[in-house]
Each structure stands twice: as structure tokens, then as C-alpha cells.
There are 4 protein chains.
Amino acid sequence: MKTHSFMLTFLLLLGTVSGLTAQSKILENCTLNSNVLNSERKFAIYLPEGYENTDRHYPVMYLLHGMGDDQTGWVQFGEVQRIADTAIREGYASPMIIVMPDANTVQPGYFNDVKGDFNYEDFFFTELIPHVEKTYRCRAEKQYRAVAGLSMGGGGSLVYALHHPEMFCAACPLSAAVRTGLNKQSVIDRYKTKGMVVTEEEIDEWYKKHDILKLMETMPEEQKNAVRWYIDCGDDDFLYEGNSLLHIVMRKNNIPHEYRVRDGGHTWQYWREALPEVMNFVSQTFRR
Amino acid sequence: MKTHSFMLTFLLLLGTVSGLTAQSKILENCTLNSNVLNSERKFAIYLPEGYENTDRHYPVMYLLHGMGDDQTGWVQFGEVQRIADTAIREGYASPMIIVMPDANTVQPGYFNDVKGDFNYEDFFFTELIPHVEKTYRCRAEKQYRAVAGLSMGGGGSLVYALHHPEMFCAACPLSAAVRTGLNKQSVIDRYKTKGMVVTEEEIDEWYKKHDILKLMETMPEEQKNAVRWYIDCGDDDFLYEGNSLLHIVMRKNNIPHEYRVRDGGHTWQYWREALPEVMNFVSQTFRR
Amino acid sequence: MKTHSFMLTFLLLLGTVSGLTAQSKILENCTLNSNVLNSERKFAIYLPEGYENTDRHYPVMYLLHGMGDDQTGWVQFGEVQRIADTAIREGYASPMIIVMPDANTVQPGYFNDVKGDFNYEDFFFTELIPHVEKTYRCRAEKQYRAVAGLSMGGGGSLVYALHHPEMFCAACPLSAAVRTGLNKQSVIDRYKTKGMVVTEEEIDEWYKKHDILKLMETMPEEQKNAVRWYIDCGDDDFLYEGNSLLHIVMRKNNIPHEYRVRDGGHTWQYWREALPEVMNFVSQTFRR
Amino acid sequence: MKTHSFMLTFLLLLGTVSGLTAQSKILENCTLNSNVLNSERKFAIYLPEGYENTDRHYPVMYLLHGMGDDQTGWVQFGEVQRIADTAIREGYASPMIIVMPDANTVQPGYFNDVKGDFNYEDFFFTELIPHVEKTYRCRAEKQYRAVAGLSMGGGGSLVYALHHPEMFCAACPLSAAVRTGLNKQSVIDRYKTKGMVVTEEEIDEWYKKHDILKLMETMPEEQKNAVRWYIDCGDDDFLYEGNSLLHIVMRKNNIPHEYRVRDGGHTWQYWREALPEVMNFVSQTFRR
């Protein structure tokens, strides 16, 4: 009994002391209950070195995975911990929290679905961000909030920052899924499997809200400097056309942006190489 | 008995571990109650690597933010932790505590206000410094106490070291707000919003006590070597004139000082680049 | 006899010394008489380290300047000597001769003019290349011949390698002038100043032969692997559209190529940074 | 006899071959006959590595010494050869010719004297520059011509570029003699030793033409971007006041310029440390 309480004291002490080590940490199975999606959703989080032995608040980057992956994609394949640790330690990125939500759901990825029956985007803005900012020590203002992502998550980054320019200081779509057309039949078929009927008008309406090239083309003048953009897509990527056209549309419409085409395809090697630059880019805003 | 030796092993292990692990720490929401200002005031603090597993006492540098920021400015934008860690680890700065008070208050910044109704300078000297030196293991003597700051905080560093040369071994104003004139009407207007009346005579009296160029010009001979000065202001900074004149006045009046003009403006990049040199400069006194 | 042995010693000594001393060399005012252009034409040449104390034959890269410059552009602004010396010495490029012809002539730059009255392209292939390969120790085969250039010279590189895939193993257009349309009136006006009349039909005919996007789009299958392409254009370059479309057309038409978009505009800094990569790229063919 | 001619052939051959080494070269006793100054004048010249085995033309920087030195000052104390070799080899400066004229004459240094009896400035522009550009392979245009100098030569650089903005793309006065007043008696006395009388009016007239602060203050709008300025003066230099005021006047008058105050005094160590930056600065124009 005495031993037990001794041990407890020591464990607590050890906890305090070990708090001093405070290396960076990845948690890849965080959860929150979503009313919007009517299910439990997962996310992974990167807490920078020192997070646990300070009361400091940090900027946050939301980092979105691609189709077929889940919240562990950037952890396992993207090696976010090693890359972020290095970027922060060497000073080309400022210390930040990185949140990697799970969007391994159904077709529409990070978007609200056509008939409003599965609203991931609503979940993201009304549940996930508030939960993260309540649970972790975030600097909960636009200047300290960025979004980045690859492929389907690149599309997500684009649409999120286009729909909510008041939420993000910077957006970094990598190898982004920029559609240059929509296969309506696939949507109709997908809804059939849900036992639902979707009309062409509903699809057209939905597409109008998610047509990235169009949204860029018609961006109101006062929104053009609201978000800093960093766009990167390899020369061997199958998504070359949408990204090339995106660059053209943004240049023609005078929307400031950085654009890169490096050597490579739609691969994790490409995205691992992109991540330090992305972190550096968003840090330029985080630290002014 | 067995328990005892088990515990002993544990303790030794714990000692070893803790001996290895005391990284530097930032606390950005420390508070103290100020009677002078009749409110709770915040400050951030940097505790160097090893602080928590030793009983050693350290020199202290007070590091002041600029207008519009608060005690987190040097933490978030100034990246004081990474820069100080590097400076200390590489040996061009000695281990020190860095205190960053919040002066995100009203117009007069770090000074006592004209009518003595808001006396930040009094708070700083009679409450903040004693609180810090009681709470943290500081070497509480002039030789181990320095003050530095940027913009409004550069003005603060100058006035503090001019008013209290017995308190600081070194002062490092960066891009300092050195006035070359005073807009009396703005002071009158500011007091109007407080529902108070201030006379031109009161303003003149106040200005005399805070006119940096004049204070330098009339510095008594015996004070000229009391504080070591390091002054730095970028060639693109809008505060170029006051700083250039400050250099001229100090040279003409034989007040020893270092003066730098590097490439840059009124930006955090400039101040992040200045900080290693500032830490090196104050360390020359801290370690003789 | 004694003289003889003295001389021998001298010769050996000379050999040793000269063996040590053949640095790379730039000649920027070489000339040849052109019958095609009915004038003397200039070119600059880079001879790699060691050229002058060996009988070795070298691969050749033709490196074309942009509008407004002349054969000295890559020498003075492009710093070809320092960059090539470094690339070769560090091994990412193989030793090569670099030829920089002067095309500071009239509007059509490196092309034959519309009415065939000023045929720079003919000069290049029937006079310049033969002259160079006769005068300098070149490896006079396609495998050892590359073409690169910037802006107008990027357009030249493209058209030369499209018209003469049997001549070049690699082509590297930088910030290339890829037209997305033609101002016929400007051609008509230009000919008016020559005192000549040009018809719209003649212009259309000419454009068909120089329409880079069209030539890529209609490239015969068997030509698609004839030339290795390296295309690079900065994200801030005013020629972004043509280059983005070129990438799309080549991808759609399955023409293998490297494509890069780096940070920068239509500047010599951009091209100086591109040159090492260009030399590395052509060297992959030069040394298999 | 036969031996002799053999040897001659070999010597010539050796000369040719050794020409291949073409390291940089300093000549410190070049001369030209000046009609303007009615005497033989000296200058030193730096020819960059490779100058002697090419026909290339180079940009030129005129580099002026200070009072008490002569054309060998930058060679012996400034170590121009080692510093320039390094700057060019490492690529932060482009290959250039550096001309160091001798102005070790009488009081007025690089200027025309008050009564027009000793016109060094006229000599510089009408005799020295033409001689240099005829004798050495210079790119004889404003874009490729810069002027720099220290102390009295800093004053020279300022006045030359102010009087002849059409001649220099860049001017780099180091620790420049910027007067903030003129001792008329010393001019009168100096003329007395020449056996001449100078009036106060003549001195006033002369001063108006050489008053650097005034010339900056009254610079016509269209001249403000004609010359790129790099101004550098140490914080311990006795010329601190004129240089600080120069920075203020140029800022107030919107004349773009770089300004540096580094740690140091009026010493050759300071100027040796400045030279790489000066060469880098002028090279930004030389290579666009």
C-alpha cells in the first residue's frame, strides 16, 4: 500500500519531469463525434517540440490526404513528423500544430455531397475546426490558420479557401484534383447505390459551387488578396492539365500565387519533397 | 526493503533521465497583479535549456515588443526560443532568462502617462522586475540585467536605460521610436477620451522627461559609461531619421555605443536577424 | 647535339606547364561570312578547360540569346563561363563546347523570314554548324549536338529541333516565346519598311511552319522520341500561357519531356539558375 | 644561330601557351599623359582571370583611393586582387576590370580646383576614361561603368555620379568625405602657397557645385533613378555625421539607395570588408 502510493508520487513526478523532454508528438487516432456526419470521425495531429511543457498557443495547418488514404496517410507515407521537426528546428518553418482529418468516406471527399445528405465541408468548418481550437492550444485566427493537401485533398484545400477566404491566410494545394469536366453519370450511379435519385439540375447546381477554375475566374476583386496561394504539381502527374489551366486562369485574373512544376508524378516522394516548402510558405504569414 | 531498493533504482533512473531532458521552455501567459496599474498584467518568459534541472541563477534580458503586439510577439513572430536556443548552444550568447512583458495597453506604451494616471514605467520597475527576480532564479544585479526592444519597445529600452542607468548593464533598442517632435493635440485628444483635461504645460513637462535626443545630449559625464548601447535600424525603416540623429547626438556627446544600419525595413525578419547579435552583445557583459 | 637535348628538356618542361594550364576560354567575337544572309555574322564560343592542350573532340551545345541581346548576352549576363566551368568541374555536366550565335538582326529572330528574303534558319544549318564543326574539334553527330535558348532563343530551340530532329539529341527552351496567335498586321508593316508586300496567304503559310503548338500536336509518331526536351518557364514570366499550353499539348500527344516551373520571371537570374540543369540534362545524352 | 631561332620559336610558343593560364593581373604603374593636368598621371588596373586569352569585353569599376594614398592604395592595403578574384570565382560578382587612378595631388582631390587651375575631374572624364576604354577591352557604356571609392574617393564617387549620371550605372561611396561646411580660410591659404588669390565669391561658387547634401536635396525628379547608390560608413568613423545626414537627405528626397553602418572606423579593414559587397552591388547592374 505504502509502496503503491510512493510509486504513484514518483510516477507523477516522472510525468512532470518527462514533460521536460517534450519532443514533437504524433497522435493518429484522435476522435470527435460529428452530428453533421452522424458518426465518429478521426483525425491525426502533430504537436511540435515543446508543446507539452509550455502554455504557448500555436498556428495550425490543416493537411488533407488524398483518395484512398485516411488520417494516417501524411503520418505514414508523408513522414510529417520527421519533415516538420526538421523544418522547425532549422528555422524555415515556425512551430505549428498540424491537423490531418480522415476523409476516407465516400466519393465527394472533402465536399458536401450533391443532395446535402453527407456534408463533410459543413463538418469541417462547424465541428472539426472548433473542436481542434478548443482542445489544443491554437491561435484561433485567420492569420494563423492554413490549409494544404494533396490530390483530392488539394481539391479540398482549393475549395475550402475559395469558399472561406475569411478562414485561411494561406492555401497550398499539391497535385490538386482540378476538374476540367464532370461525369454526371457517375454521380447518378453513386446515388443509386445510396438508394437515392439525383437530377442533372442538382448536379449542375453542385458543380457550379465546386468548379475551381470558374470560381477563380469570377473571383470578386476584393477577395483576390485574401488568401496566399502555393500551387505545386509534378510534370509527370496525371493531373497536369487542371493545374496548368489553374495557373493560366489565376494569372489572367490577377490572383497572386506561387506556382511550381517540379520533376515527378503523383507520388508520396513528390509530396514529401513539397512539404518543407509548404511549411516555409505558410510560416511567412504565421511570423509575418 | 526490497521496495526501498527498487525505489532507489527508480530515483537514480529518474535523475539520469531528468538530467538529460531539461529543454528550454517558453511560457507565454504568466501573470502578476499590479497595484500600480490596478490590473492583472501578463508576461512571457524564456527559460534556457537546463533551467529546470539545476539550481543555477541566470542573467536576465527584458525584451520589449512594439505597438499593436503583446507579450507573445517575440515568441510567435520573433521566434525567440529557436534563436535563443541556437545562440546559447553555439556559444555566442550566455545562458539567460528572457522576459517579455505585455504592453499592449494604451498610447504611451512603456512610459508613465502624462498625468500620472497610468504608470507603466513605475509598474515595470517597482512590480515586474521584483516579481520576476523573486519568482525565477535571476542574478538580480545590474551586471546581469539588460533591456532590449523593437519600435515602441526600442523607445522603451532607451528611456528605461536613460532613467535607470543603475538598473541595466546594456540596452539594445532596435528600430526604435525616437521622436523628433511631439503632436500635442493627439495627447489632448487621448485624454479627452479618458474624460480628463491635460494642459500644454503638463505635456511639455512630460516630453522633457522622455525626449531621447535631449536626454542623450544633456547626459551627465559620469553617466556616459554606465550603460552599454547597441542601436540598430534598417536603411528602409520609416524611423530612419530619429535613429540617424541619435547616432549623431551620441557621437557628438561622446557616449560610447554600437550602431548598425543593415539592409531592411520595419519588419520581423529584420528583428529576427538582429536578435542573435543583441544576445551576443549583452552576453559580453554577462560574462565579462 | 647539346642544343638538341637542351631543347628536349625545354619541350618536356613546356609540355608539363601547358598540361597544367589550359583553362576554359571564351571568345566572343568570332565571325564567319554568310552567303545566305549576305553579311558577316558573329558568334561567341566557350571552349572547355583542357581544350587547348589535347586533341580531344567535344559535344556541342548551341545556346541562343533573346530579343535585344547579341552573341555576348550569355557571356556577360548569363555568366556562361563560370557556370559551365563549375558544372563540368563538379561532374554534373560533361565537357562540351558551347556556341552562342548572334541573332540580333530583325524581327523573325532565328527563323527564315516570311518571303524568304532573310533566312536565318538556313544560315544556321547550312553555314554556321558546318563552320563550327570544321573549325573546332566537335563530335559532329546528332548524339553530341544540343540546342538551348531563352525567350526568342527558346522559340528558336523549339523550331530548330522540330524542323531538324535529325540534328539534335536534346533541346532546352527556357522562357520560350511560344505564340498563341499571330499579329499579321505587324508582319505586313515590317515588310512595308523593307519596301516589300506580303500577303495574308504568305503569312498563313509561314505561320503553319512555325506554329509550335500545332507542330507538337501533329508530330508524327516516329518523331516523338527523336529529341529529348527540357522546358522551363518561371511562374512570374509573361510567357506563362504558351509554355503551360505547350506542356499540355505535349502530354496529350505523348511526347516525352521534362517540364519545370520555378519561382521567377523573365530575368537573367532565372536563366543563370536554369543553365546548370540544362547542361546536366544534355550531358545525360552526351555521355549516355 | 639555328639554336637561336629555334629558341625564339619556342619562346613564342611558350608565350602563347602560358597565355592559357591567364590568371588575374594587377598593373600598378600604368601611365597616360594628361594635357588637362599638364603632367603624366598614373593608374593601377586589375584585369580579371581570363582577360588575356579571350577577346571578351568587360564592365569597368573605377575605384578611388583616399587622401594620402595613391593608385597603389587599393592594391597594397585594399588587397583588391585577392578580394576580386574570390568574388568573381564564387559568383557574387561578375568578371570586371577595375581601374584605380592616382589622385595623390593637392588638396582638391578628385575635383576641379576653385580657380580652374587644376582640373582633375576634367582629366578623369575627358582623358582617363577614354584612355582606359581605348586601351583595354571595356564595355564602354553607362550600364557597364561604375564608380566607387573611400573617404576622399568616396566624395569623388558621389560628385562624379552627381555631375555625370549619364556615365555611371552605380556609385558606391565608402566612408565618404561628405562635408557639412567649408573652411574658406584653408582654401585661401592653399591658393596663397600657389601664389594666387582666391575670392570668397569664387569659393562660394565652387562649393555650390560640390555640396553633396545640397546636390542631393535639389536633384531633379528625372535624375533620381539614374544611378544606383550603395553608401557605407562605419559607426566609429569620424565621417559619421555627413554620412548620416546623407542618408536622411536621400530618404527625405526619395532617392533610392542602399545604406549600411557596420562595426568599424576609418580603416582599411573596413574597406576590405566592404569591397565584396560593392562588387556584388555593381554586378547586379552589370549582369542585369
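Residues numbered from 1 in each chain as written. Chains lettered and ligands numbered in written order. Predicted model: local features only at pLDDT ≥ 70, side-chain atom pairs only at ≥ 80, totals over all residues. Heavy atoms only, no water.

Overview of the sheet that holds strand β3 (residues 60–64) of chain A
All names here are of chain A.
Stage number 1. Spatially, the eight strands line up as an open sheet ordered β1-β2-β4-β3-β5-β6-β7-β8, and their pairing is mixed. Looking at the sheet topology across the chains shown, the edges are occupied by β1 (25–34) and β8 (258–260). On average, each strand axis in the sheet is inclined to that of its neighbour by 20 degrees, with strand direction left out of account.
Stage number 2. Taken together, the five bridges between strand β5 (residues 145–150) and strand β6 (residues 170–174) define a ladder with parallel strand orientation. Looking across to β6, one finds that Gly149 is bridged to Pro173.
Stage number 3. In this fold helix α5 (residues 152–163) packs onto β3, β5, β6 and β7 (228–232), with an angle of close to 150 degrees to the strand it touches most, β5. (Pairing = 2+ DSSP bridges. Helix = DSSP H or I, 4+ residues; strand = E, 2+ residues; numbered from the N terminus. Axes fitted to C-alpha atoms, helices over the stretch in contact; angles between N-to-C directions. Contact = heavy atoms within 4.5 Å.)

Brief notes about the packing of helix α9 (residues 240–252) of chain A against helix α9 (residues 240–252) of chain C
Each pair of packed helices can be summarised by the angle the axes make with each other and by the distance between the axes.
Stage number 1. Packing of α9 of chain A against α9 of chain C brings their axes to within 10 Å, and their N-to-C directions diverge by 165 degrees. It follows from the interaxial angle that α9 of chain A and α9 of chain C lie roughly antiparallel. At the point where α9 of chain A passes α9 of chain C, the crossing takes the left-handed sense. Where α9 of chain A approaches α9 of chain C, its residues Tyr240, Glu241, Ser244, Leu245, His247, Ile248, Arg251 and Lys252 of chain A are matched on the opposing element by Tyr240, Glu241, Ser244, Leu245, His247, Ile248, Arg251 and Lys252 of chain C. (Parallel < 35°, antiparallel > 145°, perpendicular 65-115°, else oblique. Left-handed = near helix turned anticlockwise from the far one by under 90°.)

Here we look at helix α9 (residues 240–252) of chain D
Stage number 1. For α9 of chain D, with 13 residues, the first-to-last C-alpha span of 18 Å sits near the 18 Å given by 1.5 Å per residue.
Stage number 2. Burial in α9 of chain D covers these residues: Tyr240, Gly242, Asn243, Ser244, Leu246, His247, Ile248, Val249 and Met250 of chain D.
Stage number 3. Buried-residue contacts for α9 of chain D involve α9 (240–252) of chain B together with α5 (152–163), α8 (212–217), β7 (228–232) and β8 (258–260) of chain D. (Expected span 1.5 Å × (residues − 1). Buried < 20%, exposed > 50% of the residue type's maximum accessible area, 1.4 Å probe, protein only.)

A few points about the sheet that holds strand β5 (residues 145–150) of chain B
All names here are of chain B.
Stage number 1. On the basis of which strands lie adjacent, the open sheet formed by eight strands has the order β1-β2-β4-β3-β5-β6-β7-β8 and mixed pairing. The open sheet has two edge strands with one neighbour each: β1 (25–34) and β8 (258–260). Put simply, the sheet's adjacent strands are angled 20 degrees from each other on average, direction ignored.
Stage number 2. Two elements, strand β3 (residues 60–64) and strand β4 (residues 97–101), share three bridges in a ladder whose sense is parallel. The residue bridging Val60 from the neighbouring strand is Ile97, located in β4.
Stage number 3. Sitting on the sheet, helix α4 (residues 120–135) is in contact with β1, β2 (39–47), β3, β4 and β5, with an inclination near 120 degrees to β1.
Stage number 4. Each of β3, β4, β5, β6 (170–174), β7 (228–232) and β8 is contacted by helix α10 (residues 268–286), which is oriented at about 165 degrees to β7, the strand it contacts most.

Comments concerning the arrangement of the chains
Stage number 1. Left apart from each other, chain B and chain C have a closest C-alpha approach of 20 Å.
Stage number 2. You won't find any contact between chain A and chain D; their C-alpha atoms come no closer than 23 Å.

Concerning the pairing of β6 of chain B
Residue and element names in this part refer to chain B.
Stage number 1. Across the five residues that make up β6, a large majority, five, are buried.
Stage number 2. Side chains Ala170, Cys172 and Leu174 project from β6 onto one buried face, and the interleaved Ala171 and Pro173 project onto a second face that is buried too.
Stage number 3. Between β5 and its parallel partner β6, the chain crosses via helix α5 (residues 152–163), and the hand of that crossover is right-handed.
Stage number 4. Here β6 runs beside β7; their pairing, made up of three bridges, is parallel. (Right-handed = clockwise from strand over helix to strand, strands pointing away.)

Section: the environment of Tyr62 of chain C
Residues and elements named next belong to chain C.
Stage number 1. Relative to the elements of secondary structure, Tyr62 occurs in strand β3 (residues 60–64).
Stage number 2. Assessed through its relative accessible area of 0%, Tyr62 is described here as buried.
Stage number 3. Put simply, Tyr62 and Gly149 are 87 residues apart on the chain and 7.9 Å apart in space, counted from C-alpha to C-alpha.
Stage number 4. If near-sequence neighbours (up to four positions away) are discounted, Tyr62 is found in contact with Val99, Phe124, Leu128, Ile129, Val132, Glu133, Arg145, Ala146, Val147, Ala148 and Phe168.

Quick look at the packing of aromatic side chains
A ring pair, where both rings are aromatic, is described by two values, the distance of the centres and the angle of the planes.
Stage number 1. Here the structure, examined in full by the defined rule, presents 58 aromatic pairs over all chains.
Stage number 2. For the ring pair Trp74 of chain A and Trp268 of chain A, a centre distance of 5.1 Å and an interplane angle of 85 degrees mean the geometry is edge-to-face. Here Trp74 of chain A is found in helix α2 (residues 73–76), whereas its partner Trp268 of chain A is found in helix α10 (residues 268–286), with 194 residues between them in sequence.
Stage number 3. Here Tyr51 of chain B and Tyr58 of chain B contribute two aromatic rings whose centre-to-centre distance is 5.7 Å and whose plane-to-plane angle is 35 degrees, an arrangement assigned as tilted. Neither residue differs from the other here; Tyr51 of chain B and Tyr58 of chain B are each classed as buried.
Stage number 4. Taken together, the aromatic side chains of Tyr62, Tyr110, Tyr120, Phe123, Phe124, Phe125, Tyr160 and Phe168 of chain A make up a single cluster linked through ring pairs.
Stage number 5. The aromatic ring of Phe281 of chain A is capped on one face by Arg228 of chain A, whose charged end is 4.0 Å from the ring centroid. (Phe/Tyr/Trp six-rings, centres within 6.5 Å; stacked < 30°, edge-to-face > 60°. Lys NZ or Arg CZ within 6 Å of the ring centre and 35° of its normal.)

A short note on unusual backbone geometry
Stage number 1. One non-glycine residue with positive phi stands out, namely Glu79 of chain C, at about 50 degrees.
Stage number 2. Position of Glu79 of chain C relative to the elements: it lies in the loop between α2 (73–76) and α3 (80–89).
Stage number 3. Residue classification places Glu79 of chain C among the buried residues on the basis of a relative accessible area of 4%.
Stage number 4. Of note in this structure, Asn38 of chain D is not a glycine but carries a positive phi near 55 degrees.
Stage number 5. Counting through the fold element by element, Asn38 of chain D comes out in the loop between β1 (25–34) and β2 (39–47).
Stage number 6. What makes Asn38 of chain D exposed here is its relative accessible area of 69%.

Side note on the pattern of salt bridges
Stage number 1. Using the criterion set out here, one finds 80 salt bridges over all chains in the structure.
Stage number 2. The salt bridge involving Lys184 of chain C is made with Glu200 of chain C; its shortest N-O contact spans 3.4 Å. Note that Lys184 of chain C is positioned in helix α6 (residues 184–193) and Glu200 of chain C in helix α7 (residues 200–210), a separation of 16 residues in sequence.
Stage number 3. You can call Glu200 of chain C partly exposed: its relative accessible area is 41%.
Stage number 4. Across the salt bridge formed by Glu205 of chain C and Lys208 of chain C, the nearest N and O atoms sit 3.9 Å from each other. Highlighted residues: Glu205 of chain C and Lys208 of chain C, both in helix α7, separated by three residues, approximately one helical turn.
Stage number 5. Judged by relative accessible area, Lys208 of chain C falls into the exposed class, the value being 55%.
Stage number 6. Shared partners join several salt bridges into a network, and the residues in it are Asp113, Asp117, Arg190 and Lys194 of chain A. (Salt bridge = Lys/Arg side-chain N within 4 Å of Asp/Glu carboxyl O.)

Observations regarding helix α7 (residues 200–210) of chain B
Residue and element names in this part refer to chain B.
Stage number 1. Every buried residue of α7 is listed here: Ile203, Trp206, Tyr207 and His210. Mapping the buried residues of α7 onto a view down its axis gives an arc of 100 degrees, with all of them on the same face. Opposite the buried face of α7, by more than 90 degrees, sit the exposed residues Glu201 and Lys208.
Stage number 2. Packing partners of the buried residues in α7 comprise α4, α5, α6 (184–193) and α8 (212–217). (Arc of directions from axis to C-beta.)

So, the environment of Leu246 of chain B
Residue and element names in this part refer to chain B.
Stage number 1. Take Leu246: it is sitting in helix α9.
Stage number 2. Assessed through its relative accessible area of 0%, Leu246 is described here as buried.
Stage number 3. Along the chain, Leu246 and Arg179 lie 67 residues apart, while their C-alpha atoms are 10.0 Å from each other.
Stage number 4. Those residues within four positions of Leu246 in sequence are excluded, and the remaining contacts are Leu158, Val178, Ile212, Leu213, Met216 and Ile231.

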